[in-house]
Amino acid sequence: MGQRTEPRSGVRQAVEYDLVELVRLRTLLFEHLGGDFFDPATADDGWLDALAVVLKEQLTADTVRILVVDGADGRLAACGIGTVEQRLPGPHLPNGRIGQVIGVVTDPAHRRRGHSRAIMRGLLDWFRDREVARVDLYASAAGEPLYRELGFTPHPDPALYLRP
């Protein structure tokens, strides 16, 4: 994960007051992903209420870190979420702790200002403090160059999924 970095100015941990904006940014994330996995998206907006409930719970969870950057317009400019999962240790995962970066997203009006990079560095510091053995993420085409620059490489395991 590289060297420890200095605290990022402008990056802070999200609080309950940020919930509406966190839901807005997560919605932006899904609007731009597309592809067979996300299309067709559900026409039911009930997932937004469920998202708000889960985010509120996760704001204070020890295994979740939600970082945000405030925008000049009173809205959030960007957010990123990291989680730590305890799995079974093995030779490839000595302590069994895996970090997952979930949905780093920047509002279009605030892009190209280093917000995603600052959030990622904050998350990587948090993962390091929790001694995770590996950090995983799924990258959009637009985000992949940043993640590679931060040291991420292709995962050797093929990914499969099932929607029961």
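1. As for the overall build of the protein chain
Point 1. Within the protein chain, the secondary structure is distributed over five helices and five strands.
Point 2. The linear arrangement of helices and strands in the protein chain, starting from the amino end, is β-α-α-α-β-β-β-α-β-α.
Point 3. Per-residue burial for the protein chain yields a buried fraction of 37% across its 164 residues.
Point 4. Restricting to contacts in the protein chain with at least 6 residues of sequence separation, those with at least 24 account for 69%.
Point 5. A total accessible area of about 10500 Å² is found for the protein chain, and carbon and sulfur atoms account for 55% of it.

2. Notes on the confidence of the model for the protein chain
Point 1. Scored by pLDDT, the protein chain comes out at a mean of 86, with 87% of its residues at no less than 70.
Point 2. Across residues 1–7, confidence stays below pLDDT 50; counting only partners more than four residues off in sequence or on other chains, it has 13 contacts.

3. Quick notes on the layout of surface pockets
Point 1. Each pocket or cavity is described by its volume, and for the second largest pocket that value is around 830 Å³.
Point 2. Lining the second largest pocket are 25 residues, with V135, D136, L137, T153 and H155 sitting closest to its centre.
Point 3. Breaking the lining of the second largest pocket down by element, the ones donating at least two residues are β5 (134–137) and α5 (144–149).
Point 4. Sorting elements by how many residues they give to the lining of the second largest pocket places β5 first, with four residues.
Point 5. Broken down by class, the residue content of the lining of the second largest pocket amounts to 14 nonpolar, five polar and six charged.

Here is what the cut-offs are and how they apply
Residues numbered from 1 in each chain as written. Predicted model: local features only at pLDDT ≥ 70, side-chain atom pairs only at ≥ 80, totals over all residues. Heavy atoms only, no water. Helix = DSSP H or I, 4+ residues; strand = E, 2+ residues; numbered from the N terminus. Buried < 20%, exposed > 50% of the residue type's maximum accessible area, 1.4 Å probe, protein only. Contact = heavy atoms within 4.5 Å. Areas by Shrake-Rupley, 256 points an atom, 1.4 Å probe, with all protein chains shown as cover. pLDDT = per-residue confidence, 0-100. 1 Å grid on protein atoms, 1.4 Å probe; cavity = no way out; pocket = protein on both sides within 12 Å on 5 of 7 lines; lining within 4 Å. Points joined across faces, edges and corners; volume = space filled by probe spheres on them. Nonpolar A, V, L, I, M, F, W, Y, C, P; charged D, E, K, R; others polar.

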